[in-house]
Amino acid sequence: MPPTIRRAVIPAAGLGSRLLPLTRATPKEMLPVGDKPVIEHTVRELVASGITDITIVVSGGKALIQDHFRPNPELVEQLRAAGKTAYAAAVEEVSELAAQGHITYLDQHGPYGNGTPVLNAARNFGDEPMLVLWPDDVFVAEVPRAQQLIRAFEATNCPVLALMPMAPEDSGRYGVPVVREDLGEGLLRITGLVEKPKPADAPSAYAAIGGYVITPGIIDELGEQTRRWYEHRQGEIYLTDAINAYAAGRAVYGQVISGRWYDTGNPADYLVAQMAFALAHPEYGPLLRRLVENGDAARP
């Protein structure tokens, strides 16, 4: 059978202001997590989930993203001539990954807000559903998060949001879903999201995190938001607002994701992600453990 979802959008037009001055010249999507830039983790997740059409929505100053995935035969030839065949293979493999995902780039235009790049990309997608993943989230899971979302869509034929269990005191950091029904295996029928509620007001013990299956009905809601924005020129275009408007009269689901989520969008969480991936590395992990335990990372 053909895949139910073959297209995905990665919005990568943000300023990365929470990571300044680190992101003054380097796009936040190109900051390393482990031995790969963070956006490459997202692309790998999508390709591993069967996605064959990835649109990365960019803005000015993001040329490094395109350079990273672009074939570089001169560099490959130079590395091979120097006998550095493993490095040459690694450079080629990234280009092959981009070809598998058929990556294309789109310049963002329109009102500010995280719904705008989704609407920009959707104009080329017709009536197909699509995945939306933020480029500053990294998931480590036996089954990729994107694949878990696709399975939930196949079971419901409705929009799906990625969810994770949440400590009550963290509710002020997230959109918290209003759960109408628990269908088992982590699949929840939801009726909307409450943005950053106080712990006493949180409607559930789950947080909406970076990952969505978006259907044409939600794109229509984004289009309506944008139309109203051009009439009044106020506020921003948020994907959450479109989802809430859609959910007021139609079914929306959340899928509790099995795996570990790393947010790299702020300094503290970025450092946690860096440390976690380094500790899991077969070469770097032992060095860091010695540093933590003994204050000395010298090789034996």
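Rules used throughout
- Residues numbered from 1 in each chain as written.
- Predicted model: local features only at pLDDT ≥ 70, side-chain atom pairs only at ≥ 80, totals over all residues.
- Heavy atoms only, no water.
- Phe/Tyr/Trp six-rings, centres within 6.5 Å; stacked < 30°, edge-to-face > 60°.
- Buried < 20%, exposed > 50% of the residue type's maximum accessible area, 1.4 Å probe, protein only.
- Axes fitted to C-alpha atoms, helices over the stretch in contact; angles between N-to-C directions.
- Helix = DSSP H or I, 4+ residues; strand = E, 2+ residues; numbered from the N terminus.
- Parallel < 35°, antiparallel > 145°, perpendicular 65-115°, else oblique.
- Left-handed = near helix turned anticlockwise from the far one by under 90°.
- Contact = heavy atoms within 4.5 Å.
- Nonpolar A, V, L, I, M, F, W, Y, C, P; charged D, E, K, R; others polar.
- Pairing = 2+ DSSP bridges.

Looking now at the packing of aromatic side chains. Enumeration according to the criterion identifies five aromatic pairs in this entry. Their ring planes at 90° and their centres at 5.0 Å tell us that W229 and Y230 sit as a pair that is edge-to-face. For W229, a relative accessible area of 17% translates into the label buried. Its relative accessible area of 43% is what places Y230 among the partly exposed residues. Between Y262 and F277, the ring centres sit 5.6 Å apart and the planes meet at 65°, which makes this aromatic pair edge-to-face.

On to the packing of helix 3 (residues 73–81) against helix 4 (residues 85–100). Contact geometry for helix 3 and helix 4: axes closest at 7 Å, N-to-C directions at 165°. Taken together, helix 3 and helix 4 sit at an angle that is classed as roughly antiparallel. When the axes of helix 3 and helix 4 are compared, the crossing they make is left-handed. Two secondary-structure elements touch here, helix 3 through L75, V76, L79 and R80 and helix 4 through T85, Y87, A88, V91 and E92. Per-class residue counts for the contact of helix 3 with helix 4 are six nonpolar, one polar and two charged.

What follows deals with the pairing of strand 8 (residues 160–165). With five of six residues buried, strand 8 lies mostly within the body of the structure. Relative to strand 11 (residues 206–214), strand 8 is paired through five bridges, and the arrangement is antiparallel. By the bridge assignment, P165 is partnered in strand 11 with Y206. Relative to strand 12 (residues 252–256), strand 8 runs parallel, the two sharing four bridges. Each residue of the ladder has a partner; that of V160, found in strand 12, is Y253.

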